[in-house]
Amino acid sequence: MTPKAELHVHLEGTAPPELTGRIARRNNLTVPEGTIGVDGRYRWDDFLDFLRVYDQAASVIRSAQDYRDITFEYLTACAREGAIYVELTASPDHAALAGLPYPDQVAGIAQGIDDARDGSGIEARILITAVRNFGTEQAERVGQLPARHPHPYVTGFGLAGDEAGFPPEPFARAFGLAADAGLGLTVHAGEWAGPESVRGALRLPVCRIGHGVRAIEDAALVAELAEREIVLECCPTSNVVLGLYPSYHDHPFPALRAAGVRVTLGSDDPPYWAASIGGEYAVASTEFGLSEPELREITRTAIAAAFVPDPVRAALCSELASL
């Protein structure tokens with residue numbers, strides 16, 4: 001089994017409908033109407049509707065125990081598919097809206113990481129994300145949380161949400177605050193906005209870009225990404241199911257890779273499109289034609305770009321080499 005590493009997955013979006021329902025019942029809540037269909041799947045029509053359903057599902061997550069369970073179950077599933085490292089993107093905004101303080105959210109996730117490591121050996125870290133839809137001032141507040149409440153597992157900061165309506169440049173101060181706290185930086189761009197959003201992302205102090213695939217529409221931009229060794233966190237199944245590309249055949253992952261851009265694989269919000277990190281590696285093999293050594297190189301790229309302390313990176317590299 002190919003050793004795998006994942007840099008792009010939204011923790012609140014990893015909970016399958018069954019787990020969301022279980023958490024809701026534990027919290028004496030009802031999952032909001034229109035979230036889960038009669039077929040037991042999440043119901044959404046397009047990207048903005050997906051964001052609405054995502055928020056509704058996340059609204060039942062109320063406690064550190066909830067976050068622990070979501071984290072543990074997701075990491076354990078990843079380990080069964082051969083993953084050795086996962087970076088979990090968590091939203092303090094979603095936790096706050098549900099009444100859960102940031103330190104409790106992080107403590108729950110950290111417990112899930114520890115329990116999953118004890119059970120399967122998988123390693124993980126936390127990347128907190130601001131939601132651009134909530135504005136720059138709120139993003140700045142999120143960017144300050146890791147300095148105010150430090151935790152060794154919180155190693156990264158990012159920006160998600162509606163990128164077409166909220167370009168990245170106005171969020172520069174939030175990224176500066178996170179950088180001052182010593183966090184690794186990434187930003188969603190080049191998914192629902194075109195290459196101009198990737199150029200905007202490159203004006204921020206980031207070393208990775210979430211998605212970034214629409215850079216392919218600008219040859220000079222692709223060359224710049226390759227020259228600057230910016231890592232793209234690509235999520236092919238998410239892009240195809242959401243309709244960004246009509247098929248895997250049309251997805252630019254192979255072209256970006258051939259142009260020298262550093263690429264990794266992620267499942268984004270896996271239960272919303274029946275994805276998994278193992279499934280993304282399978283897509284890279286069957287749809288994009290990557291060989292086993294090339295798949296391992298994808299994992300090696302992810303470990304090199306992971307927001308982890310050097311001793312953890314060295315241990316992951318050793319584990320990859322031994323498998």
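Before reading on, note that the structure itself is shown above.
No experiment lies behind these values; they were computed from the predicted model shown.

Right, let's talk about the pairing of strand 6 (residues 208-211) for a bit. When strand 5 (residues 184-189) meets strand 6, the two strands line up parallel, connected through four bridges. Within the sheet, the bridge partner assigned to V187 lies in strand 6 and is I209. Each parallel crossover has a hand, and for strand 5 linked through helix 8 (residues 195-201) to strand 6 it is right-handed. Where strand 6 meets strand 7 (residues 231-234), three bridges bridge the pair, whose relative direction is parallel. Across the sheet, residue G210 finds its bridge partner in strand 7, namely E233.

One key point about sheets: their strands pair by backbone hydrogen bonds, in either a parallel or an antiparallel sense. Overall, parallel pairing links the eight strands, which are arranged 1-2-3-4-5-6-7-8 in an open sheet. In this open sheet, the two edge strands, each paired with only one partner strand, are strand 1 (4-10) and strand 8 (262-265). With strand direction ignored, the average angle separating the axes of adjacent strands in the sheet is 25°. Bridging between strand 1 and strand 2 (residues 83-90) involves five bridges; their strand directions are parallel. When the bridges of strand 2 are listed, V9 appears paired with L88. Contacts from helix 3 (residues 64-80) reach strand 1, strand 2 and strand 3 (123-131) within the one sheet, and its direction differs from that of strand 2 by about 150°.

The rules we used
- Residues numbered from 1 in each chain as written.
- Predicted model: local features only at pLDDT ≥ 70, side-chain atom pairs only at ≥ 80, totals over all residues.
- Heavy atoms only, no water.
- Pairing = 2+ DSSP bridges.
- Helix = DSSP H or I, 4+ residues; strand = E, 2+ residues; numbered from the N terminus.
- Right-handed = clockwise from strand over helix to strand, strands pointing away.
- Axes fitted to C-alpha atoms, helices over the stretch in contact; angles between N-to-C directions.
- Contact = heavy atoms within 4.5 Å.

What is shown is where atoms sit, not what they do.
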